[in-house]
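# Examination of the molecular architecture
Letter by letter, the chains look like this.
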Amino acid sequence: FYQEPAAKELVNNWSKLMNELKKYPNERLAYEILNEPYGPGWGLMQRRMLHFIRKNEPERVIFVSPDEGYDVDNCAKFYLHKGDPNLVMTFHYYQPMLASHKKLWGYTGPSHYPGLLFSDEEWDNMSDAEKEIAQWHREQVYDYDYVYNKMRAAADMAEHNGLRLHCGEFGYSKLNIREERLQWFRDIVKAFNECNMAYTVWENWGGDFGPGDWQSRPDEEVIDILMQRE
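Since the model is a prediction, treat every value here as computed from it, not as a measurement. (Residues numbered from 1 in each chain as written. Predicted model: local features only at pLDDT ≥ 70, side-chain atom pairs only at ≥ 80, totals over all residues. Heavy atoms only, no water.)

## Description of the nonpolar core
- Ranked by size, the top nonpolar core spans 57 residues in total, and within it Trp14, Phe91, Tyr93, Met151, Leu165 and Phe170 carry the most contacts.
- Considering each element in turn, this core owes the most residues, eight residues, to helix α6 (residues 144-161).
- Contact partners of Met151, with chain neighbours within four places excluded, come to Val72, Phe91, Tyr93, Ala191, Phe192, Cys195 and Met197. (Core = buried A, V, L, I, M, F, W, Y, C linked by side-chain atoms within 4.5 Å. Buried < 20%, exposed > 50% of the residue type's maximum accessible area, 1.4 Å probe, protein only. Helix = DSSP H or I, 4+ residues; strand = E, 2+ residues; numbered from the N terminus. Contact = heavy atoms within 4.5 Å.)

Dropping the structure here:
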């Protein structure tokens, strides 16, 4: 995002988008500047884009991401001028990735939820390639407390800055043990509710993560969990 040709291209693309989308009322359409941004200079680029959009559409709701990427851990580092009531902080949450994305992005070793991802015996039986990926998670306990603390830190940041908060993506692969998957959903939805934040599950029916099977049939257990609003 430090490269000016790319920055100008983003501004130009949004100029074209707004020409097409500004006809839709604010209560029906919101903007998100860029999906899952990550890289040096994003914070400055995002502020530049906000200034550009606000000159043209001062009351449009805009979803903004943390300065250092879309991960929830970066929310506490977020900086933005206060006083804009139409900004919503958004982030994505899939932790622990070794479990939520198991067999989908290169890791095929053991993973469990809640608790430790793998036992000492499972670790000893893992391949060198699996250990290289998994070593950073060997001692970490993943459970409701872990999830809640992540959400609480983000919620505190949002409250301090006068922002609304939204988890724009979360999900857990259907390739994992079903009860572990259901427990992960229970824990994260409970944490969302405790921290009073909005959420949108990834994805729709037929994919690897969402509240349906691969034949696009609804999974009523997952749906019931997702609909539990306190």
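There's more to say after this.
## Focus: helix α1 (residues 4-21)
- Under the 1.5 Å per step criterion, the end-to-end length of α1 is 25 Å for 18 residues, consistent within 8% with the ideal 26 Å.
- Residues of α1 that are buried: Ala7, Leu10, Val11, Trp14 and Met18. The buried residues of α1 occupy an angular sector of 95 degrees when the element is viewed end-on, so they sit on one face. Across α1 from its buried face, at more than 90 degrees, point the exposed residues Pro5, Lys8, Lys16, Asn19 and Glu20.
- The elements touched by buried residues of α1 are β1 (31-32) and α2 (42-56). (Expected span 1.5 Å × (residues − 1). Arc of directions from axis to C-beta.)

## A few points about the layout of surface pockets
- One number sums up the size of the largest pocket: a volume of about 410 Å³.
- If you trace the largest pocket, you find 21 residues lining it, with Tyr70, Asp71, Asp73, Gln95 and Met97 closest to the centre.
- Counting only elements with at least two residues in the lining of the largest pocket, the list comes to β3 (87-93) and α3 (97-100).
- Residue classes in the lining of the largest pocket are distributed as eleven nonpolar, five polar and five charged. (1 Å grid on protein atoms, 1.4 Å probe; cavity = no way out; pocket = protein on both sides within 12 Å on 5 of 7 lines; lining within 4 Å. Points joined across faces, edges and corners; volume = space filled by probe spheres on them. Nonpolar A, V, L, I, M, F, W, Y, C, P; charged D, E, K, R; others polar.)

## A few points about the packing of aromatic side chains
- Evaluated as defined, the whole model comprises 13 aromatic pairs.
- Seen in terms of ring centroids, Phe170 and Trp184 are 6.4 Å apart; in terms of plane orientation they differ by 35 degrees. Their pairing is tilted. Of the two residues, Phe170 sits in strand β6 (residues 164-170) while Trp184 sits in helix α7 (residues 178-194), which places them 14 residues apart along the sequence.
- We classify Trp184 as buried; its relative accessible area is 1%.
- What links up through ring pairs into an aromatic cluster is the set Tyr93, Phe170, Tyr172, Trp184, Phe185, Phe192 and Tyr199.
- Lys190 extends its terminal NZ or CZ atom over the ring of Tyr144, reaching a point 4.6 Å from the ring centre. (Phe/Tyr/Trp six-rings, centres within 6.5 Å; stacked < 30°, edge-to-face > 60°. Lys NZ or Arg CZ within 6 Å of the ring centre and 35° of its normal.)

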